[in-house]
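# Results of the structural survey
Below are the chains, spelled out letter by letter.
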Amino acid sequence: MAPVASQTSALLSTLSRRRFNIRTICGGRNGFAPYTSAAPSPAADIDTPLAGTKILETFREEFEIGSRKITLETGKMARFANGAVVLGMEETRVLSTVASAKGDSVRDFLPLTVEYQEKQFAQGVIPGTFMRREGAPKERELLCGRLIDRPIRPLFPAGFYHEVQVMASVLSSDGKQDPDVMAANATSAALMLSDIPWGGPIGIIRIGRISGQFIVNPSTDELSLSDLNLVYACTRDKTLMIDVQAREISEKDLEAALRLAHPEAVKYLEPQIRLATKAGKQKREYKLSMVSEKTYDKIRSLAEAPIETVFTDPTYGKFERGEALDRITQDVKKELEQECDEEGLKFLSKTVDTVRKQVVRRRIIGEGRRVDGRRLDEVRPLYCEAGNLPILHGSSLFSRGDTQVLCTVTLGAPGEAQHLDSLVGPPTKRFMLHYSFPPFCINEVGKRVGLNRREVGHGTLAEKALLAVLPPEDDCPYTVRINAEVMASDGSTSMASVCAGSMALLDAGIPLRDHVAGLSVGLVSEIDPSTGEIRDYRILTDILGLEDHLGDMDFKISGTRNGVTAIQLDIKPAGIPLDVICECLEPALKGRLQILDQMEREINVARSRNGRNSPRILTLKYSNDTIRRLIGPLGALKRKIEEETGARISVSDGSLTLVAKNQSVLEKVMEKIDFIAGREIEKGGIYKGVISSIKEYGAFVEFNGGQQGLLHISELSHEPVSRVSDVVSVGQVLNLMCIGLDVRGNVSLSLKATLPRPGSKKNASDAVQEAPRVWEPVDDVQEKKYQDDKPLDGGASLLSGTSGVLIRSAVECDEEEKSAGLNKKSKCRSYSESKSNAKSPIENIANSVSNDEDENNTNSQGVLNNNKSTAEAPLSVKKLKLGTEITAKVHQVRARGLVLDLGGGIRGMYRFEIGFRRDFEVGEEVKVKCSSFSSKGIPVMSLVEQQKS
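In what follows, the accompanying structure is described. Just so it is clear, the model here is predicted, and its values are computed rather than measured.

### Regarding the environment of T71
Following the sequence through the fold, T71 ends up in strand β2 (residues 68-74). Sequence separation of T71 and L87 is 16 residues, and the distance between their C-alpha atoms is 5.6 Å. Discounting chain neighbours no more than four positions away, the residues touching T71 are R60, E61, E62, V86, L87 and G88.

### Notes on the sheet that holds strand β16 (residues 431-436)
Strand order in the open sheet formed by five strands is β11-β12-β13-β17-β16, with mixed pairing between adjacent strands. In this open sheet, the two edge strands, each paired with only one partner strand, are β11 (382-386) and β16. Each strand of the sheet is rotated relative to its neighbour by a mean of 15 degrees, with strand direction disregarded. Inspection of the sheet shows β16 paired to strand β17 (residues 479-488) by six bridges, in the parallel sense. Looking across to β17, one finds that H434 is bridged to N483. Taken strand by strand, helix α12 (residues 453-467) contacts β16 and β17, and its axis lies near 140 degrees from that of β16.

### A look at the side chain of D195
One can find D195 in the loop between α4 (179-193) and β7 (203-210). The buried charged residue D195 lacks any salt bridge, with R284 as its nearest oppositely charged partner at 4.0 Å. Here N82 takes part through its side chain, which lies 2.7 Å from a polar atom of the side chain of D195. Setting aside residues up to four positions removed in sequence, D195 forms contacts with N82, K281, Q282, K283, R284 and Y286.

### Observations concerning a negative patch on the surface
A cluster of like negative charges, contributed by E320, E323, D326 and D402, occupies part of the molecular surface. With respect to the secondary-structure elements, D326 resides in helix α9 (residues 318-339).

### Digging into the packing of helix α8 (residues 293-311) against helix α11 (residues 348-367)
Between α8 and α11, whose axes approach to 9 Å, the crossing angle comes to 50 degrees. The pairing of α8 with α11 is recorded here as oblique in orientation. Crossing handedness for the pair α8 and α11: right-handed. Across the interface between the two elements, Y296, I299, R300, E304, I307, E308 and F311 of α8 pack against L348, T351, V352, T354, V355, R356, Q358, V359, V360, R362 and R363 of α11.

### Side note on the packing of aromatic side chains
Counted under the stated rule, the structure contains two aromatic pairs. Summarising the aromatic geometry, the rings of F63 and Y268 are spaced 5.7 Å apart at their centres and angled 85 degrees between planes, so their arrangement reads as edge-to-face. Here Y268 lies in the loop between α6 (251-266) and α7 (269-279) and F63 lies in strand β1 (residues 59-65), a separation of 205 residues in the sequence. Each member of the pair, F63 together with Y268, is buried.

What counts, and where the lines are drawn
- Residues numbered from 1 in each chain as written.
- Predicted model: local features only at pLDDT ≥ 70, side-chain atom pairs only at ≥ 80, totals over all residues.
- Heavy atoms only, no water.
- Helix = DSSP H or I, 4+ residues; strand = E, 2+ residues; numbered from the N terminus.
- Contact = heavy atoms within 4.5 Å.
- Pairing = 2+ DSSP bridges.
- Axes fitted to C-alpha atoms, helices over the stretch in contact; angles between N-to-C directions.
- Buried < 20%, exposed > 50% of the residue type's maximum accessible area, 1.4 Å probe, protein only.
- Lys, Arg positive; Asp, Glu negative; His and termini not counted.
- Salt bridge = Lys/Arg side-chain N within 4 Å of Asp/Glu carboxyl O.
- Polar contact = N/O pair within 3.5 Å; in protein donor to acceptor, adjacent residues only side chain to side chain.
- Patch = residues over 30% accessible without salt bridge, like charges linked within 9 Å, V, L, I, M, F, W, Y side chains within 5 Å.
- Areas by Shrake-Rupley, 256 points an atom, 1.4 Å probe, with all protein chains shown as cover.
- Charge placed at Lys NZ, Arg CZ, Asp CG, Glu CD.
- Parallel < 35°, antiparallel > 145°, perpendicular 65-115°, else oblique.
- Left-handed = near helix turned anticlockwise from the far one by under 90°.
- Phe/Tyr/Trp six-rings, centres within 6.5 Å; stacked < 30°, edge-to-face > 60°.

What follows is the structure, given as C-alpha cells:
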C-alpha cells in the first residue's frame, strides 16, 4: 500500500503545483505574471522553450564610382523574392525585387511589368492626402519605371514569354541623390541573383557638366547647375539606352559625354557578378515559345513574295499598306487551315512579322530604298501653321508626312504652377506639356483611362526639349501649359509635338531663345549569326511607324541650330555599338535643320499680342497691409473679385500678380482693386469716384480706395454752373481727372477735363499730357509700384498745377457753414443722409458695377413728364428741375419717408405728410414731382396723386 500512497501523493502534489502555477500566471498584471521560481524545474524547460536567435546570412559588395561609395546587399530583406537587392549611396537606400510566373506561357510577347514607388516615409513625412497614404502612381514614378524597363527588356531571351514583375521602392532618401539610377542598377543585380534567364548584367550611370567639366554621379544640387543630364545604360561593350536633357549642347560635346559614360557604367558590372557568384540562384530551364524551322520555311514560302510586292510599291499609304498585309496574312491562314497545321496557325502572326522584317531590311540594305520610296536621309513633306485657333493664347498645327499634331498654349498665374510631391527635385513646375494619343489618330476604337505610361513618357520628352529655350522666370513669370493632341500618327509623334509646341509658344508671345525641332532616326542592321555582331547597317532619317516596328532602333533627337536639348534612345536587339550611335548624330542634325527652316518661314519671332483676346499679366507692388486688405478675411475678398471678373490673382510678399484672359478682364479687375486699395495719384490720371457730399462751392468725392477730393463748381462743366446740384447728386459715380494739389495737400478733381469741349469732338483732357494707362501684352510684363507709406512722387510738379481756387476739406466747410448760421436741423439731416450714403469698399465695388449698368441702360426707369408731356427720355441731372414729373420706383421704405429710384443712378426722397399715410412696397412705381432740393443736393419729391386728391 505504501507505494500506491506515495504515487498518489506525488500525483496530487504535481496537480496542485500545476494549479498553483496556472493561478499565479492568471493573477499577474494584464493576465500574466513573471515566473518567480528560483530554479525552474526540468518539466518547465520542456513546456516553455526559449526562442532562438535567427541569423540572416547577408552578402555585401562595396565599390566606388565618381567619388561616391556604393553598396549592394542581399539576404537581409525580401528573402522570398526570386531576387532582391538593396543598393545604397550615402544615406539613400533603394530596394529592388523581381519575381516570375512559373506556369507555361500562352502569350506571344513578354509581359514585363516594372513598378517604381516613392513613399513619403523615405523622407520622414506623412502624406498630405485625406487618407494619409499614397495613391495612384505619380508622373515621376511612371517615368522612373520606364527608365528601368527600357534597358532590361532587350536582354530577355527570344521566346521567353513568362510574366516578370519588377518592384523598386525607395527605403530612405537624403535628398542628395536621385534614386532612379540607383533603382535601375539594383534591378540589374536582382535579376542576376534570380533564376530568371537574362543576358545581364548592365550598368546605368548619370553624367552632368558644370562649366565645361563632366561630373560622374552628380548630386541633385550639382544637377541644378549642370547644363547636361545624361543617363546612360550599357552592357560591357554595347549601348542599351540613352536619356538626355541638355541646354543646347553640341553634338561634339555630347559624343564626348557618351564616351565618358560607357567605361564609368561598366564599373557596375563586376560587383554584380561577384554578388551573383556568392548568393545567386542557378538559372532555371524555362519553356521558350519558338517556331520550328520547318514551319517557318512553310510560312515564308507562302507570304514572302506578296509581302515584297506590297513593300516595293511606294503608292501605298499607311492604312492601304496595312490592309494589303492583313489580306496576305489571311490568305496564309487559309492555306494552313486546309493543311490542319496547328503549329503554323499558333505562330502565324509572329512568323509573318518576321518575314516582313527580313523583306524590309533586305530592300533597305541592298537597294537603299525605303517602303515609301524615300532616300535614307530624306525627310517627309512638312506643313506648318501657327495661330490656327486665334481665340486661344497660342496654337499651331504641324504635319510631317501623315503624322500630325495640334498644340495649344494656355498661360496662367504663377500660383497655378504644378505642385510636385517627390523625394528629390523642385517643389513646383511652371512649364507643363501634356501629350495625348487618342484612339482615332490610328483609326481604332478605345476608351480613355488614367495616366498612360507611353503618353507620360512622350510628353516629358517633348517638355524637356522645349524647357531649354524658355526665357528665365523673371522675364516669363507665368505658368505655361501646352496640350499636344495627336491628330494622326505614322511615326515619331513626340518629335512632332516638339515642333508644334515651339511654334505655339511663339504664337502665344513667349520669347523663346530659338526654335526647337526634333525627328527620329532609325537603324536597320544585318547580324552575323555565328558571332552576333553587326555585319552591315543603314541609318534612316525620319522613320515611319512601320520602320520603327521592323527596325532595330528609335533614336529621338531634338534641339536647336546650336545644339541638342533632349534625346531618348530605345532599341530592340541586345545592344548596339556606341560608334553606331554616335554616327547617327550627324544625319539627325541635317534633318533637324530642314525642319527648322520650314518652321521659321511660318513664324520666327514671338508675336506681339495686342488684340483684345490676348492674355494679360500685370505685377503690382503694394505694402503688406494693403495686400492684407485686398485679400480679406480668409481670402474671401480675393475669391469674390476672381469670381466676378474671371481673372486670377496670385499673392506674394509685397507683390500682386494679375492674370487675365484679355484686356477687358484686366481692366475690370484693376477697377475693383483700385476701389479697395487705391493707386498712386498722378496729375492727369483718370479716377472713378462717388459723390459723397455736395456744398455750395462744389462736391466732395470719395475715390481711390477711400481718399477724398474736391470737385469745385468751376470744374463741373465748360458752361457756367449756378448750382452744384444741377449737375451732380450724392451717390453718383463719375470719371474724374486729377488736376493737382493745393498748398494744403488736398486733391483737386475736374469733371469738365474729361468732357468734350463745346463744338469739338476732341476731349479737353487732350490738353493735359496724361501718361497713357496701357496694359502691356504678355510679351512685355508691366510692373508698377504702389507704396502706401511713401509720399507721392513728383509732389512739386503737382503743386505747380494748383488751381486758382482755394480748396478746403470737408471739416473746414462744415465749420464755415456753422459760423454762417445755417439751420441746425437742416445740417443734422444732411449729415445723417451723408452717413447713410457712406459705404464700405466692398459695397462701393458692387454699387459701382450696378451704377455703371444703370448709366449705360438706354431704357431708363424714369419717365420725364415735363410740361404735362408723356414723351419718354433718359433722365439726367441736368434734366431734373423743379416741377418735373417722373415715374419712380420705391427703393427703400423708412419711418419718415421713402427713398426713390429716379432712374439714371439718381436717388430722391419723399417725406410723409402729417395726416397722410399709406403702405408702400419696395419696387412699387409712383408718380412724383420734383418740389425742391435739400442742402445736400438731393431731390425732394412729392406725390402727384396726393396733390390731385
